[in-house]
Amino acid sequence: MLSLVTGANGFIGSHITRFLLTRGERVRVLVRAQSDTRWIAGLAAEFAYGDVREAASLAEALRDVQTVYHAAADYRLWAPDPQEIYDTNVTGTRNLLAAAKQAGVERFVYTSSVGTLVPPRSRNLPDEQTRLHLKDMIGHYKRSKYLAEQEALQAAERGQPVVIVNPTAPVGPGDWKPTPTGRIIVDFLNGHLPAYVDTGLNFVSVEDVAKGHWLAAQRGQPGERYILGDRNLTLKEFLQMLSDLSGRPMPRLRLPHALPYLASVADLLTSRLLGRAPRIPLEGVRMARHKMFVDASKAVHELEFQPAPLPAAVACAIRWYNDNGYVKQPLNIHATSQCAA
């Protein structure tokens, strides 16, 4: 059994790669020639060099592949040229779907986002039956993931064996960039979060997300979406968990949403004058106005997705950041054998 993982040098993709290898499967990873692959350099995976934006580079990567895990994505909340986000997330997904069909791939698991399912305002918990439209998406990243998910759904309607997973906010070791969720953890550990806003996310262990992809390949139905999530927590509750696990103080001040919004607008104007990326992405602030809580029970029932206790994953994330130089005043903790990456 040969599987191809795109985005294998990223947070979710690297954990998918590790999970498949622990099962004894053959794994080929598709990375760009200039990608930073240090976090997967020692893994027993085949390397194929290409770019999902370049259709001609995909045929060789897909040779003899039975299953594709398409986790590659541009998840920036800001880009100097937003078209770059669409080129990777939408055009890249379309290219890979077409190449996989041509190669006779037996299973295609597309890594979407829970953001395609959560409306700006909802009285009930969103689930896989929630139907949104492009106008409901906040920002270029969410719009691109929505459009890419539509490409996957349309391919499934045409008979291609495509299953879609919608991870929530993953936490755990190996988030080297880091992701927006990881940035919350790093900023908290470094004392850069003196206050918080009334928002919330569904959090899940990244290692469970990786296993969830494999479960989707084994048990998922083509054309179906599966939320890979665990616990709905307000930001205050998540920060309290971080405080309990790290010993860092919990911020006490809750800010109205208007203040971060004004700060973000001012930062955006400053960034344009200075020619740098915004430090407070406006799209992220706009997203934070709404709690992204979901009902993730479908994957539990249909895929037998069973997430491990969230605090263990958060503790591993804290240890990993601490041990890899992300914390300016290191904590007196050490990684354990229970933490991967």
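Summarised in this report is the structure supplied together with it. (Residues numbered from 1 in each chain as written. Predicted model: local features only at pLDDT ≥ 70, side-chain atom pairs only at ≥ 80, totals over all residues. Heavy atoms only, no water.)

For the rest of this paragraph, the subject is the sheet that holds strand β9 (residues 200-205). Two modes of strand pairing occur in sheets, parallel and antiparallel, and in both the strands are linked by backbone hydrogen bonds. Strand order in this open sheet of 3 strands is β7-β9-β11, and the pairing throughout is mixed. Sheet topology places β7 (169-171) and β11 (231-234) at the edges, where each strand pairs with a single neighbour. Taking each pair of neighbouring strands and ignoring which way they run, the sheet shows an average axis angle of 45°. Bridge count for β7 against β9 is 3 bridges, and the pairing is parallel. (Pairing = 2+ DSSP bridges. Helix = DSSP H or I, 4+ residues; strand = E, 2+ residues; numbered from the N terminus. Axes fitted to C-alpha atoms, helices over the stretch in contact; angles between N-to-C directions.)

Overall, the coordinates contain 7 aromatic pairs when judged by the stated rule. Consider the rings of Tyr321 and Tyr326, whose centres lie 5.1 Å apart with planes at 70°: the pair is edge-to-face. Among the residues examined, Tyr321 registers a relative accessible area of 1% and is labelled buried. Just above the ring of Tyr226 sits the side chain of Lys298; from NZ or CZ to the centre is 4.8 Å. (Phe/Tyr/Trp six-rings, centres within 6.5 Å; stacked < 30°, edge-to-face > 60°. Buried < 20%, exposed > 50% of the residue type's maximum accessible area, 1.4 Å probe, protein only. Lys NZ or Arg CZ within 6 Å of the ring centre and 35° of its normal.)

It is worth spelling out the pairing of strand β2 (residues 26-31) at this point. The element β2 is largely enclosed, with a buried count of 5 among its 6 residues. Pairing of strand β1 (residues 2-6) with β2, which is carried by 5 bridges, proceeds in the parallel orientation. Opposite Thr6, over in β2, you have Leu30 as the bridge partner. Taken together, β1, helix α1 (residues 11-22) and β2 constitute a β-α-β crossover, and its handedness is right-handed. (Right-handed = clockwise from strand over helix to strand, strands pointing away.)

With that settled, consider the packing of helix α4 (residues 180-189) against helix α6 (residues 235-246). Taken N-terminus to C-terminus, the directions of α4 and α6 make an angle of 55°; their axes are 11 Å apart at the nearest point. By the criterion of interaxial angle, the relationship of α4 to α6 is oblique. Handedness of the α4/α6 crossing: right-handed. Of α6, the residues touching α4 (which contributes Ile184, Ile185, Phe188 and Leu189) are Leu235, Phe238, Leu239, Leu242, Ser243 and Ser246. In terms of residue class, the contact of α4 with α6 is built from 8 nonpolar, 2 polar and no charged. (Parallel < 35°, antiparallel > 145°, perpendicular 65-115°, else oblique. Left-handed = near helix turned anticlockwise from the far one by under 90°. Contact = heavy atoms within 4.5 Å. Nonpolar A, V, L, I, M, F, W, Y, C, P; charged D, E, K, R; others polar.)

Topologically, Thr93 is positioned in helix α2 (residues 83-103). Taking the relative accessible area as the measure of exposure, Thr93 reaches 0% and is therefore buried.

Quick look at unusual backbone geometry now. Here the amide bond leading from Lys177 into Pro178 is cis, since omega sits at -10°, within 30 degrees of zero. Within the element layout of this structure, Pro178 appears in the loop between β7 and α4. Backbone geometry at Glu304 places phi at a positive 60°, although glycine is not the residue there. Its place among the elements puts Glu304 in the loop between α9 (297-303) and α10 (310-323). Note on Glu304: relative accessible area 51%, which makes it exposed.

Before going further, it helps to spend a moment on the pattern of salt bridges. Within this structure, the stated rule accounts for 16 salt bridges. Note that Lys135 is salt-bridged to Asp136, the shortest N-O span being 3.7 Å. Using a relative accessible area of 18% as the deciding quantity, one classes Asp136 as buried. The partner of Asp198 in a salt bridge is Lys291, and the shortest N-O contact between them spans 3.0 Å. One end of the pair, Asp198, is in the loop between β8 (195-197) and β9; the other, Lys291, is in the loop between α8 (282-287) and α9, with 93 residues separating them in the sequence. (Salt bridge = Lys/Arg side-chain N within 4 Å of Asp/Glu carboxyl O.)

Another point: the packing of α2 against helix α3 (residues 139-157). The packing of two helices is summarised by the inter-axis angle and the distance between the axes. Orientation of α2 relative to α3, taken along the N-to-C sense of each, is 10°, at an axis distance of 8 Å. As summarised for this structure, α2 and α3 are arranged roughly parallel, according to the angle between their axes. Taken together, the residues of α3 that come into contact with α2 (itself represented by Ile85, Tyr86, Asn89, Val90, Thr93, Arg94 and Leu97) are His140, Tyr141, Arg143, Ser144, Lys145, Leu147, Ala148, Glu151, Ala152 and Ala155. Counted by class, the contact of α2 with α3 contains 9 nonpolar, 4 polar and 4 charged residues.

Let's shift gears to α6. Helix length check: α6 (12 residues) gives 16 Å between terminal C-alpha atoms against 16 Å at 1.5 Å per residue, within 8%. When we look at burial in α6, the residues that qualify are Leu235, Phe238, Leu239, Met241, Leu242, Ser243 and Ser246. Contacts from the buried residues of α6 go to β7, α4, β8, β9, β11 and α10. Gly247 lies just past α6 and shows a positive phi near 85°. (Expected span 1.5 Å × (residues − 1).)

For soluble globular proteins, nonpolar side chains are generally found buried alongside one another. Within the largest apolar cluster, 31 residues are counted, with the highest numbers of intra-cluster contacts made by Val5, Ile16, Leu20, Tyr69, Leu303 and Phe305. For this core, the secondary-structure elements that each account for two or more residues are α1, β2, β6 (162-167), α5 (206-219), β10 (225-228) and α9. At 7 residues, the largest contribution of residues to this core is made by α5. Residues within four places of Ile16 in sequence aside, it is in contact with Val5, Tyr69, Ala71, Ala210 and His213. Counting 26 residues, the second-largest nonpolar core is a separate cluster that includes Ala169, Leu189, Val197 and Ile318. (Core = buried A, V, L, I, M, F, W, Y, C linked by side-chain atoms within 4.5 Å.)

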